[in-house]
Structures are given as structure tokens and as C-alpha cells.
Amino acid sequence: MLRYSALLKDTKAYRSLQSDLNAGRLNHCYMIMGEDALAVDGLIDLCSETILCKDGGCGKCVVCQKVEDKNHEDIFEPKNLKADGIREFVEKVYVKSVGEIKIMVIRALDNVDPKVQNFLLKSLEEPIDGVVFLLGVTRPSAVLDTIKSRSKKLSVAPFSKRQLTEFFDDNYIGKPKSLVEEAVDCCLGSLARCESLLNDEEYFGDMSEVIFVLKGLTSTKVNLKMQKRLDIKDGKLARYLDIMQLICGVLLKRKSGVAVDGFDRVNVLLDSFNIATLVNFNELIIEAKQKIESYCKDDNILDNLFIKMMEVKYLCR
């Protein structure tokens, strides 16, 4: 996780906490927010190192190593995110720390039931000297407003393609350069997505197939021939639908004038679909995903999806 520390140290979120620490005004609660779960999680560890390490997070000392190994005696995390786990976690707020500062970590606060989140309020309303909360959040809407209002927000923005390219140029990770370049181009600035792509070499071949099939949506006859290219055995339909939805999302942003860093491979589809078509495509894909969960036959789901896509493309032309 901490191999990304060079990238994370260059974020506005990290620099904000570091500034508070250097100024001697460390907040009692930081909410680290972002869609990238891996970046949020990594930043929690990096901030913990920075707070506890005498050298401000050197990454080499015993303290930093303990943080990385998840066994530092002054860092507490709940055993689970249910009521009993959070209740026991809160009780540890009042246990004397070994050092000067104790860090209370919840890596996915948005996965905690709102009623259970209430257990945290007293500790946040009445801060205790030497106790710092680090709360990871990827879905801010799932967190109580009362907790948000008592936290300093540190937002983690997507990384640029340039940042990721420079990082991987400096940090060889034992992957083919071509794979790294593809992962950087298609991760949309997310470390979590980038790492997933680096460990899934078949993904890019599947994406190429989906792009080819979408490009071929020109007639019912061609449509049927195209969809046969997609091998949906062994549950791969869900994977193809995820790729389709991602492609439609990127195209929709570009058609709407929103800048998207990378993902240039989908530009071949820009002239094929207008905004209305892409919005409807997204709804059809969501509907198809729901049918998978309802145990409908994959062949029937795919047939129905492509028929409706052709109808939408015709009606929205």
C-alpha cells in the first residue's frame, strides 16, 4: 500500500494535514474522502506515520514500519463495522495511550450503519487531548451530517495521467511497460482501478472487443453478428456490462465537454453516439445488470440489450 506514498505525499489532502501538524494545530478528526478507495486507505496510513513518527513520516523507522505492518500500539481500528465492533472501538478512545498521540481509524465509515455512526458523536463532540480520528470515506452521502460537521475534510482528487506515468517510470513494479501504460491510460486517475488493471491482463482485450462491438452497432443484421464476438461464458457478461458502462460514462463526459485524462481508446466511438443515446445506453446497462441478479439467462439478457440499444440509437439519431 505504502509504495504509493510518493504520490500521496503530493496531494493537497496530505499537505493540509502536514501543515496542521507543523503548526501545532492538529485537528481532533480528519475525514479523508475520495472515490479512490486505495488512495483513501493509503493516505490514512501515511497520515498515521506522519503524526506518530518523530521525523514526520520517514517511512524507514520502527514507528513507520509498525504502521505499515498494522501493529502499532497507539493505532486502533474496529474489529468489525457492526454495532458491537464500533461500540468496543469507541471505548478504546478512553484507554491511556503508550505514546503522546493515539489514532482512531475507521477505513470505511460509509459502510457503517447511520444508527451505529451515532456511537462516535460523543467522542467527536467532546475531543480528548492526544486522540486523533482518521475516517476514510468513499461515499460522503452515507455519512451523518453531524459527523461531517465535526471533521476536517481532506479530499483526494484523481491523479493525472502525467503523475501516474512519472511514478511508474520511477518505480518498477515487475509488470510489462505496455501493460503499465494501458493501466495508466484507463484508470481515470484511480489507484484502486490502476492496481486492478495491472493484475488483470485480459481486461484490455475484453475492452477492445466491447469497443469493436459498439462501433459495429449499425444494423440488426450486423448487430447479431457483433454480439456473438462476446464470450459470455463463466459469468463474463457482468464484466462486459461493467466495461460498457465505463465506456459510456467516459463518452458522455467528453460529449458534454468534460475533460477526461486518458482513455483515448474510446475516441473512435465519439461520432457514433450522441448524448441522448449514451444516457439511454447507461440505463439499459443498469437494467441488464439487474437482470443478472435476478438469475435471467445471460444469452437472453445480451440479446435484449443489443436489440434495445439499436432501438435507442435509431430513435435518438
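Refer to the structure presented above.
Quick caveat: nothing in here was measured; it's all calculated off a predicted structure. Each residue is numbered by its place in its chain's sequence as written, counting from 1. Per-residue local features are limited, in this predicted model, to residues with pLDDT of at least 70; the limit for side-chain atom pairs, both in listing and counting, is 80 or more; totals at the level of whole chains, interfaces and linings are taken over all residues. Remark: hydrogens and water are excluded; side-chain values derive from all non-hydrogen atoms of the structure.

A.B. asks: Any chance you could explain the packing of helix H15 (residues 275-293) against helix H16 (residues 298-315) here in plain terms?
C.D. replies: Geometry of a packed helix pair, given as the angle between the helix axes and the separation of the axes. Between H15 and H16, whose axes approach to 10 Å, the crossing angle comes to 165°. Judged on the interaxial angle alone, H16 and H15 are roughly antiparallel. Crossing hand, H15 versus H16: right-handed. Together, Thr 277, Asn 280, Phe 281, Leu 284, Ile 285, Glu 287, Ala 288, Lys 291 and Ile 292 of H15 and Asp 298, Ile 301, Asn 304, Leu 305, Lys 308, Met 309, Val 312 and Lys 313 of H16 make up the contact between the two elements. Considered class by class, the residues forming the contact of H15 with H16 number 9 nonpolar, 3 polar and 5 charged. Lines fitted to the C-alpha atoms define the axes, with helices restricted to the stretch that makes contact. Angles between their N-to-C directions range from 0 to 180 degrees. Runs of H or I in DSSP of at least four residues are treated as helices and runs of E of at least two as strands, each being numbered from the N terminus. In these notes the angle categories are as follows: under 35 degrees is roughly parallel, over 145 is roughly antiparallel, 65 to 115 is roughly perpendicular, and the rest is oblique. For a crossing to be left-handed, the near helix must be turned anticlockwise from the far one by less than a right angle; the clockwise case is right-handed. Throughout, a residue-residue contact means that at least one pair of heavy atoms, one from each residue, lies within 4.5 Å. Gly counts as polar in this scheme, as do all residues outside two lists: the nonpolar Ala, Val, Leu, Ile, Met, Phe, Trp, Tyr, Cys and Pro, and the charged Asp, Glu, Lys and Arg.

A.B. asks: I keep staring at the packing of helix H14 (residues 236-255) against H16 and nothing clicks. Help me out?
C.D. replies: At a minimum axis distance of 11 Å, the contact between H14 and H16 shows a crossing angle of 25°. Compared by their axis directions, H14 and H16 come out roughly parallel. Of the residues in H16, those in contact with Leu 237, Leu 241 and Met 244 of H14 are Asp 298, Ile 301, Leu 302, Leu 305, Phe 306 and Met 309. Along the lines of polarity and charge, the residues of the contact of H14 with H16 split into 8 nonpolar, no polar and 1 charged.

A.B. asks: Got a minute to help me understand the pairing of strand S3 (residues 102-106) in this structure?
C.D. replies: If a strand is regular, its side chains alternate between the two faces of the sheet. For the exposure calls, accessible area comes from a 1.4 Å probe over protein chains only, and a residue counts as buried if that area is under 20% of its type's maximum, exposed if over 50%, partly exposed in between. The buried count for S3 comes to 5 of 5 residues, which makes it a mostly enclosed element. Of the two faces of S3, both are covered, the one formed by Lys 102, Met 104 and Ile 106 as well as the one formed by Ile 103 and Val 105. Read from strand S2 (residues 75-76) through helix H5 (residues 83-91) to S3, the crossover connection turns out right-handed. The pairing of S3 with strand S4 (residues 131-137) spans 5 bridges and is parallel. For Val 105, the partnering residue across the bridge sits in S4 and is Leu 134. When the strands point away from the viewer and the connection leading from the first strand across the helix to the second strand turns clockwise, the crossover is called right-handed. For two strands to pair, DSSP has to find at least two bridges joining them.

A.B. asks: For this particular structure, what's the right way to read the pattern of salt bridges?
C.D. replies: Note that side chains of opposite charge can pair when their charged atoms are close. Whenever Lys or Arg places a side-chain nitrogen within 4 Å of a carboxyl oxygen from Asp or Glu, that contact is recorded as a salt bridge. Scanning the model with the defined rule gives 25 salt bridges in all. Residues Glu 88 and Lys 92 are paired through a salt bridge, measuring 3.9 Å at the closest nitrogen-oxygen approach. Since its relative accessible area comes to 24%, Lys 92 is described here as partly exposed. The partner of Asp 169 in a salt bridge is Lys 177, and the shortest N-O contact between them spans 3.5 Å. Here Lys 177 falls in the exposed class, since its relative accessible area comes to 56%. Salt bridges here are not isolated pairs; linked through shared partners, they connect Asp 41, Asp 45, Lys 70, Glu 77 and Arg 107.

A.B. asks: Is there a simple way to explain helix H11 (residues 191-198) in this structure?
C.D. replies: Given 3.6 residues to a turn, an α-helix orients residues that are three or four positions apart in the same direction. Among the residues making up H11, those that are buried are Leu 191, Cys 194, Leu 197 and Leu 198. All buried residues of H11 lie within an arc of 130° about the axis, which places them on one face of the element. Looking at where H11 begins, the residue whose side-chain oxygen comes 3.3 Å from the main-chain nitrogen of Ala 192 is Ser 190. Relevant arc is that of directions from the helix axis to the C-beta atoms, nothing else. In the analysis that follows, any N or O atom pair within 3.5 Å is treated as a polar contact, provided that within protein one partner can donate a hydrogen and the other can accept it, and provided that, for residues neighboring in sequence, both atoms belong to side chains.

A.B. asks: Looking at this structure, I do not really get the layout of surface pockets. What am I missing?
C.D. replies: A probe matching the size of a water molecule, rolled over the atoms, marks out where space remains unfilled. For the largest pocket, the calculated volume is near 610 Å³. The distinction between a cavity and a pocket rests on a 1 Å grid over the protein atoms alone: a 1.4 Å probe fits inside a cavity but cannot get out, while a pocket stays open yet meets protein on both sides within 12 Å along at least five of seven lines, and a residue with an atom within 4 Å of a point counts as lining. Forming the walls of the largest pocket are 22 residues, and the residues nearest its centre are Glu 35, Cys 187, Leu 188, Leu 246 and Lys 253. Residue composition of the lining of the largest pocket, by class: 10 nonpolar, 6 polar and 6 charged. Every residue lining the second largest pocket is counted, 14 residues in all, and those nearest its centre are Phe 168, Asp 169, Lys 177, Val 180 and Glu 181. Secondary-structure elements contributing two or more residues to the lining of the second largest pocket are helix H9 (161-170) and helix H10 (177-186). The element contributing the most residues to the lining of the second largest pocket is H10, with 6 residues. Taken together, the residues of the lining of the second largest pocket break down into 5 nonpolar, 2 polar and 7 charged. Grid points are joined across faces, edges and corners, and a volume is the space filled by probe spheres set on the points.

A.B. asks: What's the story with empty space enclosed by the protein in this structure? I'm lost.
C.D. replies: Counted according to the given criterion, the structure contains 2 cavities of 30 Å³ or more. Lining of the largest cavity is provided by Leu 284, Glu 287, Ala 288, Lys 291, Ile 301, Asn 304, Leu 305 and Lys 308. Among the elements of the structure, H15 and H16 are those that each provide at least two residues to the lining of the largest cavity. When the residues that make up the lining of the largest cavity are grouped by side-chain class, the tally is 4 nonpolar, 1 polar and 3 charged. Of the pockets and cavities examined, the second largest cavity occupies roughly 30 Å³. For the second largest cavity, the full set of lining residues is Glu 77, Pro 78, Lys 79, Gly 85, Glu 88, Phe 89 and Lys 92.

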